[in-house]
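# Structure assessment
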Amino acid sequence: MSTTLRRIFGVAGLAGSAMGITALLGNTLGLFNNLPAIALYIVAVLGIVLSVAGLLAKGKGRMGWLGYAGLALTLLGVLGISAGALLSSTSAFGSSEWAWYVFLVSVLVTSVGMALYGIGALVSGVLPAWAGVPLATGGLSSALMIVMLIAIGDNLPDGTWVVTSAITLALACLALAGWAAASSTLLLKEKGSSDTPDAPSTAAGPVRGGHARWVLVPVLAALATVLATATYISAQASGPTPTTQSPTGNYVPSTPSATRMPSAGAHPVVIDTDMALDDMVAILYLLRRDDVRVEAITVVGTGEVHCAAGVRNARGLLALSGYPQVPVACGSETALGGGHSFPDDWRRSADAAYGLALPEVAGNSTRLSAPDLLLSIAARNPGKLTLLALGPLTNVAGALQSDPSLATELDAVYMMGGAVDVAGNVLVAGQDKSYAEWNIYADPASAGVVFDAGLPITLVPLDATNHVPVTAALLDKMAGSHVTPEAAFVYALYDSNRALVLQEYAMWDTFAAALLTDNSLGTFRTMKLQVRQNGSEIGRTAPSAQGKQMRVAVSAEQVRFEELFLDTLNGGGR
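For clarity, every value in this text was computed on a predicted model and none was experimentally measured. (Residues numbered from 1 in each chain as written. Predicted model: local features only at pLDDT ≥ 70, side-chain atom pairs only at ≥ 80, totals over all residues. Heavy atoms only, no water.)

## Some thoughts on the overall build of the chain
Note the cut-off: We count a stretch as a helix when DSSP gives it H or I for four or more residues in a row; a strand needs E for two or more, and each element gets its number in order from the N terminus. For each residue, the accessible area found with a 1.4 Å probe, counting protein chains only, is set against the maximum for its type, and the residue is called buried under 20%, exposed over 50%, and partly exposed in between. Where accessible areas are quoted, they stem from the Shrake-Rupley method and a 1.4 Å probe; at the residue level, only the protein chains shown are allowed to cover.
In terms of regular secondary structure, the chain is built from 21 helices and nine strands. Here the chain holds 574 residues, and the buried ones make up 53% of them. Looking at the chain as shown, the accessible area adds up to about 23,300 Å², and 61% of this sits on carbon and sulfur atoms.

Next comes the structure, spelled out in structure tokens:
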């Protein structure tokens, strides 16, 4: 191999490793969304593929089968990563689930390949210890971590995902740094070679003096890392999990109520929800209203709950309140532009209905997807339907993309989301996301589609909901009066998670639902708003002359709201 070509391959490996580390860190830490990450992954793959060719030529005739197998697996793995990235960019065509599996398996194969090559190159002496050790250590450790996390799956204890993900990310970056070190050896003049392309090289034959003793370092380091992580996970699993504990107080899991029928003349409403704790309260509030007819619940799979659990829990709430006939559907679990996932421990708590038992309802209520269900109900109620959006706007954006006329068919849209003139509630370690609110931040691209569609929106941002925190006084009032199944469930929901809700919760979604039934509970301003789609403030709900005009709630009548809320839950109904 000529010196020039060897150096080109070396530079390609260095650049590919750097791009890979940048993509991993940037995408994981939310520095940019999926599209820039996809581009970086593809550039990284191209660089690593070229460096594989260079390292193969460097070890030709000198490296055992272990090293060759490692290079082959590395090549196969990075090509798979590229395929997974490309599939992610076409998630609108339904390939997002496959993209995730392809990407995960490819990362595992790449890690195994880098580990095997590092070990083989150390034993044969093709790589010096300063390049082979970090490569083998990072590759082997990250591979074992991925296998362990796959084996644990959804049983990973609450609060451990961030730590285990950070460890795996650091190990993957170490493997890429080792690959960069290995690639850099292609830039060095090999002993016995000449810069003249056709000059013979004494390094063509087997090399003595390998570094077999150094193989113990990656092996021991990998085992120690996995053992320490497993011990940490085991300790967390045996500790308390307050967000999914069994309910306290005098709540007894309810059986389905007798089937009820909505009042004549009640206003038709579709609830689009990610089934978080406050969503469940808002749903039960509306189900107790005589002037509201809940036509459907559409579950947002990009929010706090996963689709299967969200549909199950929503149907349980409907049965609890006597409306098992109301259809429930879920939409995509992939945000339109990649988005930002809610913390895994939040999602597990939402999936588990925060530890409370709900009635189980057999069978499917509908075979439609959430966007299609919304469109069908809007078509049956032209100009009359109100949409209450309580989570990320993935379903609503999907419906608008399928049929833009939805924007003119809805009577009103009440939407909990955003932070206009107050701080947000998204906290990301090491980053300033104080401008963002979770419902918008989770899927900014979908929020942008909805905001720009010209819908008759009443936005209920943190500006208003900050005025209605969950207070100890409110819980004390509920403790003394929860006579309906809905009121008993809501009290148990708050009481069994009392420390969490009193410290962090406002009645975000419940206040949005209450405004839908009584506008006098808030004060409003008319504003033009847009959602920022990229840059350092992605997901911000910002005033803009180019934005669509909407009504924005800016304050709340806390006392009257709480009175209405308690009266409705306990049977007032209007």
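## Structural notes on unusual backbone geometry
Phi at Met275 takes a positive value of approximately 55 degrees, unusual for a residue other than glycine. Relative to the elements of secondary structure, Met275 occurs in the loop between strand S1 (267-273) and helix H8 (277-287).

## Considering the packing of aromatic side chains
Under the convention used in this document: Only Phe, Tyr and Trp rings are paired, with Trp represented by its six-membered ring, and only when their centres lie within 6.5 Å; those with planes under 30 degrees apart are stacked, over 60 edge-to-face, the remainder tilted.
One pass over the full model with this rule turns up eight aromatic pairs. Relative to Trp179, the ring of Tyr117 has its centre 5.9 Å away and its plane inclined at 55 degrees; by these criteria the two rings are tilted. One end of the pair, Tyr117, is in helix H4 (residues 96-124); the other, Trp179, is in helix H6 (residues 161-184), with 62 residues separating them in the sequence. Accessibility expressed as a relative area gives 0% for Trp179, which makes it buried. These aromatic residues form a ring-pair network of at least three members: Phe342, Trp346, Trp438 and Tyr441.

## Focus on the nonpolar core
Our working definition: Nonpolar cores were defined as sets of buried Ala, Val, Leu, Ile, Met, Phe, Trp, Tyr and Cys residues, with membership established by side-chain atoms within 4.5 Å. A contact between two residues is defined here by any heavy atoms of the two lying within 4.5 Å.
Counting 73 residues, the largest nonpolar core has Tyr494 and Phe565 as its most contacted members. The biggest single contributor to this core is H8, with nine residues. Excluding its chain neighbours within four sequence positions, the residues that come into contact with Phe565 are Val281, Tyr285, Met478, Val490, Met507 and Thr510.

## With respect to the pattern of salt bridges
Quick reminder of the rule: We define a salt bridge as a contact between a side-chain nitrogen of Lys or Arg and a carboxyl oxygen of Asp or Glu at a distance within 4 Å.
By the definition in use, this model includes seven salt bridges. As a salt-bridge pair, Glu486 and Arg288 come within 3.2 Å of each other at their nearest N and O atoms. Note that Glu486 is positioned in helix H18 (residues 485-496) and Arg288 in the loop between H8 and strand S2 (292-299), a separation of 198 residues in sequence. Note on Glu486: relative accessible area 1%, which makes it buried. Residues Glu537 and Arg540 are paired through a salt bridge, measuring 3.1 Å at the closest nitrogen-oxygen approach. Glu537 sits in the partly exposed class, given a relative accessible area of 26%. Look at Arg540 and you get partly exposed, because its relative accessible area is 24%. Shared partners join several salt bridges into a network, and the residues in it are Arg532, Glu537 and Arg540.

## Structural notes on the pairing of strand S7 (residues 522-531)
Put simply, the rule reads: Pairing between strands is defined by DSSP: at least two bridges between them are needed.
With eight bridges connecting them, S7 and strand S9 (residues 548-556) associate as antiparallel partners. Pairing of Thr523 across the sheet is with Ser555, part of S9. Note: S7 against strand S8 (residues 541-543), three bridges, orientation antiparallel. Counted as the bridge partner of Leu529 is Pro543 from S8.

## Considerations on the sheet that holds S7
Spelled out, the test is: Between N-to-C directions, angles span 0 to 180 degrees; the directions come from axes that are lines fitted to C-alpha atoms, helices contributing only their stretch in contact.
Read from one edge of the open sheet, nine strands run S3-S2-S1-S4-S5-S6-S9-S7-S8, paired in mixed fashion. Strands with a single pairing partner mark the edges of an open sheet, and in this sheet they are strand S3 (328-330) and S8. When the angles between neighbouring strand axes are averaged without regard to direction, this sheet yields 35 degrees. Pairing of S1 with S2, which is carried by seven bridges, proceeds in the parallel orientation. In the strand pairing of S2, Val269 is matched with Val294.

## Section: the packing of H8 against H18
What counts is decided by this rule: Angles below 35 degrees are treated as roughly parallel, those above 145 as roughly antiparallel, those between 65 and 115 as roughly perpendicular, and all remaining angles as oblique. Handedness of a helix crossing follows the sense of rotation of the near helix relative to the far helix, less than a right angle counterclockwise being left-handed and clockwise being right-handed. The residue classification treats Ala, Val, Leu, Ile, Met, Phe, Trp, Tyr, Cys and Pro as nonpolar and Asp, Glu, Lys and Arg as charged. All others, Gly included, are polar.
Relative to each other, H8 and H18 sit at 165 degrees, their axes nearing to 10 Å. Classified by the angle their axes make, H8 and H18 are roughly antiparallel. In this structure, H8 meets H18 at a crossing whose hand is left-handed. Two secondary-structure elements touch here, H8 through Leu277, Met280, Val281 and Leu284 and H18 through Glu486, Phe489, Val490, Leu493 and Tyr494. Residue composition of the contact of H8 with H18, grouped by class: eight nonpolar, no polar and one charged.

## A look at the environment of Gly67
Positionally, Gly67 belongs in helix H3 (residues 65-88). Judged by its relative accessible area of 0%, Gly67 is buried. Linking Gly67 and Gly113, residues 46 residues apart in sequence, is a C-alpha distance of 8.6 Å. The residues touching Gly67, leaving out its near neighbours within four places in the chain, are Leu116, Tyr117 and Gly120.

## What to know about the state of the cysteines
Here is the rule we go by: In this description, the term disulfide denotes a pair of cysteine sulfurs within 2.5 Å.
According to the stated counting rule, one finds one disulfide in the structure shown. Each sulfur in the disulfide pair Cys307 and Cys330 lies 2.0 Å from the other. One quick way to see it: the torsion about the S-S bond of Cys307 and Cys330 is about -70 degrees, and its sign makes the bridge left-handed. Here the residue Cys307 occupies a position in helix H9 (residues 307-321), and Cys330 occupies one in strand S3, the gap between them amounting to 23 residues. The same class applies to Cys307 and to Cys330, which are both buried.

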